[in-house]
Structure formats: C-alpha cells, structure tokens
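Tertiary structure, described
Now for the letters of each chain:
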Amino acid sequence: KAGVTQTPRYLIKTRGQQVTLSCSPISGHRSVSWYQQTPGQGLQFLFEYFSETQRNKGNFPGRFSGRQFSNSRSEMNVSTLELGDSALYLCASSSPGSGGYEQYFGPGTRLTVT
Amino acid sequence: QKEVEQDPGPLSVPEGAIVSLNCTYSNSAFQYFMWYRQYSRKGPELLMYTYSSGNKEDGRFTAQVDKSSKYISLFIRDSQPSDSATYLCAMRGGSLTGGGNKLTFGTGTQLKVEL
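For the structure given in this document, a descriptive report is provided here.

Moving on to the overall build of chain B. Scanning chain B from N- to C-terminus turns up 0 helices and 11 strands. Each helix (α) and strand (β) of chain B, taken in turn from the N terminus, gives the series β-β-β-β-β-β-β-β-β-β-β. Projected onto its principal axes, the C-alpha positions of chain B cover 45 × 30 × 25 Å. Burial analysis of chain B (115 residues in total) assigns 43% to the buried set. As displayed, chain B has an accessible area near 5,500 Å², and 48% of this comes from carbon and sulfur atoms. A distance of 8 Å separates the average location of the 12 positive side-chain charges in chain B from that of its 11 negative side-chain charges.

A separate point is the interface of chain B and chain A. Contacts between the two partners involve 20 residues from chain B, matched on the other side by 26 residues from chain A. Counting each side, the surface lost to burial between chain B and chain A is near 1,900 Å², with a carbon and sulfur contribution of 53%. For the pair chain B and chain A, the interface holds 0 salt bridges. At the boundary of chain B with chain A, the tally comes to 4 residue pairs in polar contact (both at pLDDT 80 or more). Elements that contribute at least two residues to the side of chain B that touches chain A include exactly β4 (30–38), β5 (45–51) and β9 (85–93) of chain B.

So, on to the state of the cysteines. Residues and elements named next belong to chain B. Evaluated as defined, the whole model comprises 2 disulfides over all chains. Here Cys 23 is linked by a disulfide to Cys 89, with a sulfur-sulfur distance of 2.0 Å. Judged by the sign of its S-S torsion, about -100°, the bond between Cys 23 and Cys 89 is left-handed. Of this pair, Cys 23 sits in strand β3 (residues 19–25) while Cys 89 sits in strand β9, placing them 66 residues apart in sequence.

So, how was this worked out
Residues numbered from 1 in each chain as written. Chains lettered and ligands numbered in written order. Predicted model: local features only at pLDDT ≥ 70, side-chain atom pairs only at ≥ 80, totals over all residues. Heavy atoms only, no water. Helix = DSSP H or I, 4+ residues; strand = E, 2+ residues; numbered from the N terminus. Buried < 20%, exposed > 50% of the residue type's maximum accessible area, 1.4 Å probe, protein only. Areas by Shrake-Rupley, 256 points an atom, 1.4 Å probe, with all protein chains shown as cover. Lys, Arg positive; Asp, Glu negative; His and termini not counted. Charge placed at Lys NZ, Arg CZ, Asp CG, Glu CD. Contact = heavy atoms within 4.5 Å. Buried area = accessible area lost by both parts, 1.4 Å probe. Salt bridge = Lys/Arg side-chain N within 4 Å of Asp/Glu carboxyl O. Polar contact = N/O pair within 3.5 Å; in protein donor to acceptor, adjacent residues only side chain to side chain. Disulfide = S-S within 2.5 Å.

So, in structure tokens, the structure goes:
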C-alpha cells in the first residue's frame, strides 16, 4: 500500500507571496492532519480534515488555511508569507477504523521563505 | 510551560546499550500515547502506541505509560547504529469529535548509537 505523499518536496518563496501544498493520504484514510515543524517549536498542529470538513484547528493565524477534497486529498495554503513560515510542513493520515491514533506521516514539504 | 516536555538530548550510547527515552505531560485528558522516530530530512515514522496506562512491547521496543505520574517512556534494547534518529513522543485526547485527531508532540530527543 502506498504511503502518504506530499508535493512539492521543496519550495522557495519570497516574503509576501502565497503557497499551496498538497497531500495525498494512504488509500482508504479519510482523516488528514497538517503539522508545522521548526527547530525552535517542534511539531505543531495546524488543522485536521475529515470527510471534507475541518474537524479541529490549531493556534495559527488565518493566513493558514486548508481544504479536503472528496477523494480525501488535502491542500493547505499559506498567504502573505513571512520569514517565520519557513518550516517543514507535514501531513498525516489515519483511518477511522484505527480509532484515529495511528497517524502516518508523509515526507513533508520543506518551505523556505526569503 | 509546554503541555509535553521531552529532553532534547543529544543522547549518545554504545551499540548494544539499553536506551531509555522519556516524556512528561500536564494534560490529564491525554489518553493515547505514541512514539515516533524521525530520521534526518524524513517524516516521522510511527513506532509504538498505547492507550491509557500500561506496557506494550514490540520486538526491541517497549513503551510504558504511567498516567498517575503523567510520565511515558520508550525503551530500546540492544540498540543499533540504525536506531540513531530523533524520537518524538506524541499524545492525544480520547475523543475524536471533541479534540479531533490533534496530536501534541514533545520536542524530540536526538539519539546517537555509536559503534
């Protein structure tokens, strides 16, 4: 079974621009969560989507948004990029049958804002 | 104060040693406890998960949860150089509808197993 895939793997953007990252979950998984990982703050929860609905949201500004499609693929968008948005963005998928606690991560998208 | 505290290390041990990694937490609502391993420039890989208090063993890995002390541990027996990675503890509440699938992570402990 294929794992979680994320595209692109690397991205360099300029301050003020916007960016869209994509995540394809493991086949059959309907929950997709997004996390930001930085050396200073570690892994921080951004939001979770389940059956195209946002089920939970972390403490990030409104510049961070996401959505989920009917095939469970998810995208996250960051508008008006700031230097502090440079991070590894990870998505994780899980299956309802597992109780949700078995979350499987993708390789991440490394975003650099200059 | 962070909800989950984890010593960042680095922790350096000789090959074959028993490694003990630990996390403490403050939120009594946490019910599910996980350990992830992350190699450099890779995504976290789920190693172990436990529900509530108790022990769970899988090969060379043993996870322990003590909810009364709000303390979780991961033990690695017969450590190998390939175990060199960052180990992250993660926790979640019991309700999917309440807290959703949000995981709260420790900052990770960097482990190096030397030949």
